[in-house]
Amino acid sequence: MPTSVRPSACPGLLRIVPALDGGICRVKLPGGVLRSAQARAIAEAARQHASGVLELTNRSNLQIRGVLPGQESTLIDALLGTGLGPRVASADDVRNLLLSPAAGLDPQARMDVRPLASQLLDLLQDTPALHALSPKFALQLDGGEALAVREHPHDLWLAAEDEQHLLLGLAGCPVDAPLARVEATQAVELVRQLLLLFLELATPEQSRMRQLLAKNPANELLQRLQTRLDFPLQPAPASWQPAATIKRTPAGLYPQAQNGLHMVVAGARLGRLHAEQLLALAELSEHHGDGELRLTPWQGVLLGNVPEAKAAELLTALNDLGLLIHADEPLLGLVACTGSAACARGLADSKHHALHLAELLRESGVRPQVHLSACPRSCASARVQPYTLLASTPDHYQLYQRMPEAPGFGRLLAPAMTIDEAGAWFARQHPAGTPDA
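Keep in mind it's a predicted model, so treat the numbers as computed, not measured. Sequence order sets the numbering: in each chain, residues are counted from 1 along the sequence as written. Local features in this predicted model are restricted to residues of pLDDT 70 or higher, and side-chain atom pairs are both shown and tallied only at a pLDDT of 80 or more, whereas totals for entire chains, interfaces and linings draw on every residue. As a rule here, side-chain values come from all non-hydrogen atoms in the structure, and water together with hydrogens is ignored.

Our focus in this paragraph is the sheet that holds strand 6 (residues 97-98). Backbone-to-backbone hydrogen bonds pair the strands of a sheet. The strands run either parallel or antiparallel. Here a strand pair is declared whenever DSSP counts at least two bridges between the two strands. Numbering of helices and strands runs from the N terminus; a helix is a DSSP stretch of H or I covering at least four residues, while a strand is a stretch of E covering at least two. Read across the sheet, five strands follow the order 6-7-8-9-10 without closing on themselves; strand pairing throughout is mixed. Looking at the sheet topology across the chains shown, the edges are occupied by strand 6 and strand 10 (180-183). Examined bridge by bridge, strand 9 (residues 165-170) and strand 10 share four bridges and lie antiparallel to one another. Paired with H165 across the bridge in strand 10 is E183.

Written out as structure tokens, the structure reads:
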């Protein structure tokens with residue numbers, strides 16, 4: 001495989017970028033699925049050629065941290081040997097398609113979107129013109145699952161209306177206000193022509209769909225798109241409502257659509273695993289499930305097709321492994337970037353502070369959803385959380401609350417507070433027993 005890839009600050013499998021703790025290698029997983037044999041290969045590569053620390057991302061991908069100097073090529077070859085890379089080097093950046101980790105398993109789903117997801121990933125890889133898309137340009141395919149995140153800022157999304165129809169939305173388009181409706185069999189060509197149209201119209205500064213829409217209204221874009229299609233874009237039904245989703249980060253046992261089987265979901269502590277944990281997860285997936293690990297956009301893991309009789313045993317094993325299995329665990333509501341311990345841009349040690357905040361929340365009994373970000377780039381969370389603590393000094397954070405009328409992180413509530421002060425603030429604002437934010 002050619003190994004030349006375009007310059008970018010975003011890590012990839014073929015482009016390892018430096019950080020304070022070593023190189024970062026990002027492995028993009030089709031549909032967020034990691035087979036047990038691949039998990040073992042990643043774990044062994046991380047132990048031999050890196051620090052052994054792994055990160056689960058909010059796009060259901062995986063990162064190897066601390067890649068050792070001079071070990072980059074050996075690490076890449078080990079990963080490519082297990083089928084984890086793209087078919088051609090230039091396609092690695094554009095394999096950005098998010099599904100629910102419960103796709104095909106969730107009893108609430110309106111459509112099993114996995115076959116279509118495979119076709120769309122083939123489209124992205126096998127169409128050279130599409131390799132010009134930004135590494136951040138992303139698609140979402142929503143089958144109507146309850147275990148789903150629909151607030152991701154994707155450039156293009158498709159949502160199942162029923163088993164035969166999909167609804168189209170673009171960046172900034174609310175999930176309850178799609179722009180058009182198509183037959184499911186037309187989806188691949190729709191996406192092909194829409195992405196090619198985007199590349200045709202976008203200037204070099206317009207790398208994301210929202211930037212193009214700021215200059216080209218969505219209705220005009222759809223009119224142009226229609227001229228490229230040999231099937232009609234149908235009006236979106238005015239009465240359509242997106243499927244209901246879980247309110248908080250999932251953890252525990254969930255029944256599947258398939259009788260007698262369960263999904264078992266656990267969170268990684270602040271999105272991190274060690275290689276030994278991944279090795280153990282591979283073993284558990286084979287012993288209790290179907291040999292697959294499904295990474296979640298909540299920086300956790302889902303094991304599916306687990307017989308009901310084995311589900312509780314598996315949940316206990318995940319707890320023993322150090323994963324988070326209780327829905328009321330405060331760490332499940334916290335997202336933190338790598339912080340100053342590993343990032344030159346970080347003003348504060350956000351992961352260390354998140355662990356301390358979790359202790360305070362555990363004592364007070366409150367469970368807010370909070371993003372701790374060591375700089376304004378918001379690397380750890382693509383979507384805006386209900387609350388954001390943005391570092392302003394090594395020991396102080398600005399507190400923001402997401403508000404519909406406020407851009408960015410939302411409304412500034414406090415210009416500077418320590419983590420102890422933040423813990424006390426959340427305890428006052430959300431006494432134990434009241435609904436969480």
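This is not the end of the story, as more comes after the structure.
Lines fitted to the C-alpha atoms define the axes, with helices restricted to the stretch that makes contact. Angles between their N-to-C directions range from 0 to 180 degrees. Where helix 3 (residues 114-126) meets helix 4 (residues 187-201), the axes come as close as 10 Å, and the angle between the chain directions of the two elements is 30°. What the angle tells us is that helix 3 and helix 4 run roughly parallel. Of the two elements, helix 3 crosses helix 4, and the hand of that crossing is right-handed. Here L116, Q119, L120, L123 and L124 of helix 3 lie close against helix 4, whose contacting residues are A187, V188, V191, R192 and L195. Relative orientations are named as follows: roughly parallel for angles under 35 degrees, roughly antiparallel for angles over 145 degrees, roughly perpendicular for angles from 65 to 115 degrees, and oblique for any other angle. Take the far helix as the reference: if the near one is turned anticlockwise from it by less than a right angle, the crossing is left-handed, and if turned clockwise, right-handed. We call two residues in contact whenever any of their non-hydrogen atoms come within 4.5 Å of each other.

Here we take up the packing of aromatic side chains. Two rings from Phe, Tyr or Trp (for Trp, the six-membered ring) form a pair when their centres are within 6.5 Å of each other. A pair whose planes differ by under 30 degrees is stacked, one over 60 is edge-to-face, and the rest are tilted. For the structure on display, the rule yields five aromatic pairs. Centre to centre, the rings of W425 and F426 are 5.2 Å apart; their planes meet at 85°, and the pair counts as edge-to-face. For the pair W425 and F426, one class covers both residues: buried. Each residue in the set Y387, W425 and F426 is aromatic and connected to the rest through ring pairs, giving one cluster. With a 1.4 Å probe rolled over the protein chains alone, any residue whose accessible area is under 20% of its type maximum counts as buried; one over 50% counts as exposed, and the rest are partly exposed.

Another point: the packing of helix 9 (residues 350-364) against helix 10 (residues 419-429). Two quantities define a packed helix pair, namely the angle between the helix axes and the distance between the axes. At a minimum axis distance of 9 Å, the contact between helix 9 and helix 10 shows a crossing angle of 35°. Handedness of the crossing formed by helix 9 with helix 10: right-handed. For the pair helix 9 and helix 10, the contacting residues are H353, H356, L357, L360, L361 and S364 in the first and I419, D420, G423, F426 and A427 in the second. By the convention adopted, Pro, Cys, Tyr, Trp, Phe, Met, Ile, Leu, Val and Ala count as nonpolar, Lys, Arg, Asp and Glu as charged, and the other residues, Gly among them, as polar. Its residues assigned to classes, the contact of helix 9 with helix 10 comprises six nonpolar, four polar and one charged.

It is worth spelling out the UniProt feature "domain: Nitrite/sulphite reductase 4Fe-4S" (unreviewed entry) in the chain at this point. UniProt positions are given in the numbering used here, feature names are shortened, and annotations may be inferred rather than shown by experiment. Taking the UniProt record as the reference, the feature "domain: Nitrite/sulphite reductase 4Fe-4S" (unreviewed entry) is found at residues 91-166. Secondary structure within residues 91-166 divides into 17% helix and 17% strand; the distance between the first and last C-alpha atoms comes to 26 Å.

Time to look at the sheet that holds strand 17 (residues 370-373). If you trace the five strands from one edge of the open sheet to the other, you get 16-17-18-19-20, paired in mixed fashion. The open sheet has two edge strands with one neighbour each: strand 16 (334-336) and strand 20 (411-417). Each adjacent strand pair in this sheet contributes to an overall mean axis angle of 20°, direction not counted. Packing against the sheet, helix 9 makes contact with strand 16, strand 17, strand 18 (387-393) and strand 19 (396-401), and its axis sits at approximately 165° to strand 16. Its contacts with the sheet put helix 10 on strand 17, strand 18, strand 19 and strand 20, and the angle it makes with strand 20 is roughly 135°.

Our focus in this paragraph is the environment of W425. Within the secondary structure, W425 sits in helix 10. Residue classification places W425 among the buried positions, given a relative accessible area of 14%. Once residues within four sequence positions are removed from consideration, W425 is found in contact with Y387, L399, L413 and M417.

We now examine the pattern of salt bridges. A side-chain nitrogen of Lys or Arg and a carboxyl oxygen of Asp or Glu constitute a salt bridge if their distance falls within 4 Å. Applying the stated criterion across every chain, the model contains 18 salt bridges. The partner of R15 in a salt bridge is D93, and the shortest N-O contact between them spans 2.7 Å. Within this pair, whereas R15 is found in the segment before strand 1 (17-19), its partner D93 is found in the loop between helix 2 (72-80) and strand 6, the two being separated by 78 residues in sequence. Comparing R15 with D93 shows no difference in burial state: the two are buried. Several salt bridges converge on common partners, so that one network encompasses D21, E55, R65 and R272.

What follows deals with the nonpolar core. In terms of nonpolar packing, the biggest core is built from 45 residues, with L141, L156, L158, L166, L190 and M209 touching the most fellow members. Elements that contribute at least two residues to this core include exactly helix 3, strand 7 (139-142), strand 8 (156-160), strand 9, strand 10, helix 4, helix 5 (209-213) and helix 6 (218-228). Broken down by element, the residue count for this core peaks at eight residues, all from helix 4. The next biggest cluster of nonpolar side chains, apart from the first, holds 44 residues, and it includes I42, L79, L84 and L315. Buried Ala, Val, Leu, Ile, Met, Phe, Trp, Tyr and Cys residues form a nonpolar core when they are joined through side-chain atoms within 4.5 Å.

Most of strand 15 (residues 300-307) is tucked away: six of the eight residues are buried. The pairing of strand 12 (residues 261-267) with strand 15 spans six bridges and is classified as antiparallel. Bridge pairing in strand 15 links G267 to G300. Pairing analysis gives two bridges linking strand 14 (residues 292-295) to strand 15, with the strands arranged antiparallel. Across the sheet, R294 pairs through a bridge with L302, a residue of strand 15. The hairpin turn running from strand 14 into strand 15, its antiparallel successor, is four residues long, and Q299 in that turn takes a positive phi close to 60°.

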